[in-house]
Amino acid sequence: MRALRAELLKLSGIPSAWAAVVVGLVVPFAVAALNAGARSAGRAAGGSDPTGADAGFQELAFGVIGVVVLGVVAASSEYFAEGGDSAGGRQITASLTAVPSRVRFLAAKAGALVLAAAVLAVLSTAATLTVSRVVPGEPAAPLTSADAPRVLGVVAYWVLTALLAHALALLTRGGVVPLVVLILNTSVVSVTYLLTRVTPLANYLPDLAGARMFIRTFRSSVEIPPLAGGTVMAAWTLALLGVAAAVFLRRDA
């Protein structure tokens, strides 16, 4: 517990981690607010809303950028050179001195990340789904029990994405490559989605499979049930974490 508490304190002291929290909260909320206004205007003009079933949930897929950054900085911050008082040493040296067991160190770091990502996902989901259901002049449509599995799917997706980003940062001992690859794929152009045009097997890549946990109007010729999609994403995450842990345990700090 002390190691977990120390990792939570360490994570809370990283400025870029707080920037990640802001991104995770603001981006999906802002996009959902804009889309809600557009849907309202469309309905007023007599148009249809083909994305209504996924209103709010699609926007949460963009907010995952926040937990990508969170997962990366949780690992990459260990390899930053510290100030002059520490003779340019890295945080990882002090961390492993305080927690000599590398297994316990990794478990505590992953546990802190899971808690932080889950809390961020819950807060962002609540805010985003609320604003997505607001129609000017009408009370907001409440969430129903049918939405609960999808909300849990969002939280699971954010947590697993954070762990995937964390594993990549551990493997590379830095944040640049994981951040560039994951943020570009999430927000600019989805390389994984483009790959589905080449082979249907790309639907089983972690981000696309995991999105089935909460997105219902998925444009794909491959049907993957929500539970199966979550299982596939979890398997990818565990495999990559296992590789990252094995490498971390064998190499010098």
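Source: prediction; values computed, not measured. (Residues numbered from 1 in each chain as written. Predicted model: local features only at pLDDT ≥ 70, side-chain atom pairs only at ≥ 80, totals over all residues. Heavy atoms only, no water.)

Tallying secondary structure elements over the protein chain gives 11 helices and 0 strands in all. Starting at the N terminus, the α and β elements of the protein chain follow one another as α-α-α-α-α-α-α-α-α-α-α. Among the 253 residues that make up the protein chain, the fraction classed as buried is 41%. Partitioning the contacts of the protein chain with sequence separation of at least 6, the portion at a separation of at least 24 is 73%. (Helix = DSSP H or I, 4+ residues; strand = E, 2+ residues; numbered from the N terminus. Buried < 20%, exposed > 50% of the residue type's maximum accessible area, 1.4 Å probe, protein only. Contact = heavy atoms within 4.5 Å.)

Another point: the packing of helix 1 (residues 2–12) against helix 6 (residues 102–132). Where helix 1 contacts helix 6, the axes come no closer than 8 Å and their chain directions differ by 55°. Of the possible angle classes, the one that applies to helix 1 and helix 6 is oblique. Once helix 1 is placed against helix 6, the crossing between them reads as right-handed. Packed against helix 1, whose contacting residues are Ala-3, Leu-4, Glu-7, Leu-8, Lys-10 and Leu-11, the element helix 6 presents Arg-104, Phe-105, Ala-108, Lys-109, Gly-111, Ala-112, Leu-115 and Ala-116 at the interface. (Axes fitted to C-alpha atoms, helices over the stretch in contact; angles between N-to-C directions. Parallel < 35°, antiparallel > 145°, perpendicular 65-115°, else oblique. Left-handed = near helix turned anticlockwise from the far one by under 90°.)

Attention shifts here to helix 11 (residues 226–250). Compared with the 36 Å implied by 1.5 Å per residue over 25 residues, the 36 Å span of helix 11 between its first and last C-alpha is a close match. Buried residues of helix 11: Gly-229, Gly-230, Val-232, Met-233, Thr-237, Ala-244 and Phe-248, and no others. Looking at the buried positions of helix 11, the neighbouring elements they touch are helix 5 (91–98), helix 6, helix 7 (148–172) and helix 10 (206–211). (Expected span 1.5 Å × (residues − 1).)

In this section: the packing of aromatic side chains. Counting across every chain of the model gives 2 aromatic pairs. Plain terms: the ring middles of Phe-105 and Phe-248 are 5.9 Å apart, the flat faces sit at 25° to each other, and that makes the pair stacked. Of this pair, Phe-105 sits in helix 6 while Phe-248 sits in helix 11, placing them 143 residues apart in sequence. Take Phe-105 and Phe-248: they sit in the same class, and that class is buried. Seen in terms of ring centroids, Tyr-157 and Phe-214 are 5.2 Å apart; in terms of plane orientation they differ by 65°. Their pairing is edge-to-face. Highlighted residues: Tyr-157 in helix 7 and Phe-214 in the loop between helix 10 and helix 11, separated in sequence by 57 residues. (Phe/Tyr/Trp six-rings, centres within 6.5 Å; stacked < 30°, edge-to-face > 60°.)

Before going further, it helps to examine the pattern of salt bridges. A complete count under the given rule lists 4 salt bridges for this structure. Put simply, Glu-7 and Lys-10 hold a salt bridge, and the shortest N to O gap is 3.0 Å. One end of the pair is Glu-7 and the other is Lys-10, both in helix 1 and 3 residues apart, which spans about a single turn. Note that Glu-78 and Lys-10 form a salt bridge whose closest N and O atoms lie 2.9 Å from each other. Here the residue Glu-78 occupies a position in the loop between helix 4 (65–76) and helix 5, and Lys-10 occupies one in helix 1, the gap between them amounting to 68 residues. (Salt bridge = Lys/Arg side-chain N within 4 Å of Asp/Glu carboxyl O.)

Take the nonpolar core next. Counting residues in each nonpolar core, the largest one holds 32 residues, and the members touching the most others are Phe-57, Val-67, Tyr-157, Trp-158 and Phe-214. Put simply, the parts of the chain that give this core at least two residues each are helix 2 (15–44), helix 3 (57–63), helix 4, helix 6 and helix 7. The residues contacting Phe-57, other than those within four sequence positions of it, are Leu-129, Arg-133, Asp-147, Arg-150, Val-151, Val-154, Phe-214 and Ile-215. Ala-75, Ile-92, Phe-105 and Leu-106 belong to the second largest nonpolar core, which has 18 residues in total. (Core = buried A, V, L, I, M, F, W, Y, C linked by side-chain atoms within 4.5 Å.)

Nonpolar side chains collect at one region of the surface, where Val-176, Val-177, Val-180, Val-181 and Leu-184 lie side by side and expose about 440 Å² of accessible area between them. By the element assignment, Leu-184 lies in helix 8 (residues 176–188). (Patch = residues over 30% accessible without salt bridge, like charges linked within 9 Å, V, L, I, M, F, W, Y side chains within 5 Å. Areas by Shrake-Rupley, 256 points an atom, 1.4 Å probe, with all protein chains shown as cover.)

Time to look at the side chain of His-166. Topologically, His-166 is positioned in helix 7. Judged by relative accessible area, His-166 falls into the buried class, the value being 2%. Setting aside residues no more than four positions away along its own chain, His-166 makes contact with Gly-71, Val-72, Ala-74, Ala-75, Lys-109 and Leu-113.

The backbone phi angle of Arg-173 is positive, close to 55°, even though this residue is not glycine. With respect to the helices and strands, Arg-173 occurs in the loop between helix 7 and helix 8. Given the relative accessible area of 31%, Arg-173 is considered partly exposed.

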